[in-house]
Amino acid sequence: CPVMKRHWPPRQFELKLKLYAFEQLQKKIVKWIRKEPLASYSNSQYFEYLFDLKILPFKELFIYNDLRLFYEIINDLVPLPLPHFISFVDSSILRVTRAN
């Protein structure tokens, strides 16, 4: 897909800036949910509050969504073709497996 080749994977610097912006928004949302708009959290407190609210940090959420989409593509659950550079291999031709 030509559009996907242009935009994926995102450049590292741009990705960090966008993730930082999302994380800042998520911190504000957590403060709003907890009714503490002027509070300042340490990283460990922030992650603890995310865990308590059953919210994934944005970075992990993006990774989870990528993995889920990959799973859906492999199992034909979405109408997207498997990229040409990924192919399945018959397990009987592998040299080292747990079965050996």
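Scroll up a little and you will see the structure.
Cut-offs used in this document
- Residues numbered from 1 in each chain as written.
- Predicted model: local features only at pLDDT ≥ 70, side-chain atom pairs only at ≥ 80, totals over all residues.
- Heavy atoms only, no water.
- Phe/Tyr/Trp six-rings, centres within 6.5 Å; stacked < 30°, edge-to-face > 60°.
- Helix = DSSP H or I, 4+ residues; strand = E, 2+ residues; numbered from the N terminus.
- Buried < 20%, exposed > 50% of the residue type's maximum accessible area, 1.4 Å probe, protein only.
- Patch = residues over 30% accessible without salt bridge, like charges linked within 9 Å, V, L, I, M, F, W, Y side chains within 5 Å.
- Areas by Shrake-Rupley, 256 points an atom, 1.4 Å probe, with all protein chains shown as cover.
- Salt bridge = Lys/Arg side-chain N within 4 Å of Asp/Glu carboxyl O.
- Core = buried A, V, L, I, M, F, W, Y, C linked by side-chain atoms within 4.5 Å.
- Contact = heavy atoms within 4.5 Å.

## Overview of the packing of aromatic side chains
For the structure shown, the criterion picks out 5 aromatic pairs. Ring centres 5.1 Å apart and planes at 40° place the aromatic pair phenylalanine 22 and phenylalanine 58 in the tilted group. Residue phenylalanine 22 is found in helix H2 (residues 12–33), and its partner phenylalanine 58 is found in helix H4 (residues 58–74); the two are separated by 36 residues along the sequence. What makes phenylalanine 22 partly exposed here is its relative accessible area of 35%.

## Some points on a nonpolar patch on the surface
The grouping of Phe22, Leu25, Ile29, Trp32, Ile33 and Leu53 at the surface amounts to a nonpolar patch, some 570 Å² of accessible area in total. The residue isoleucine 29 is located in helix H2 in this model. The partly exposed category is assigned to isoleucine 29, whose relative accessible area is 37%.

## Some remarks on the pattern of salt bridges
Overall, the coordinates contain 2 salt bridges when judged by the stated rule. For the salt bridge of glutamate 72 with arginine 68, the shortest nitrogen-to-oxygen distance reads 3.7 Å. Placement of both glutamate 72 and arginine 68 in helix H4 is noted, with a separation of 4 residues, approximately one turn of the helix. Look at arginine 68 and you get partly exposed, because its relative accessible area is 39%.

## What to know about the nonpolar core
Grouped burial of nonpolar side chains is what soluble globular proteins tend to show. Of all hydrophobic cores here, the largest spans 5 residues; its members are Val30, Tyr41, Tyr46, Tyr49 and Leu50. No other element matches the 3 residues that helix H3 (residues 43–52) contributes to this core. Residues within four places of tyrosine 46 in sequence aside, it is in contact with Glu23, Gln26, Lys27, Val30 and Tyr41.

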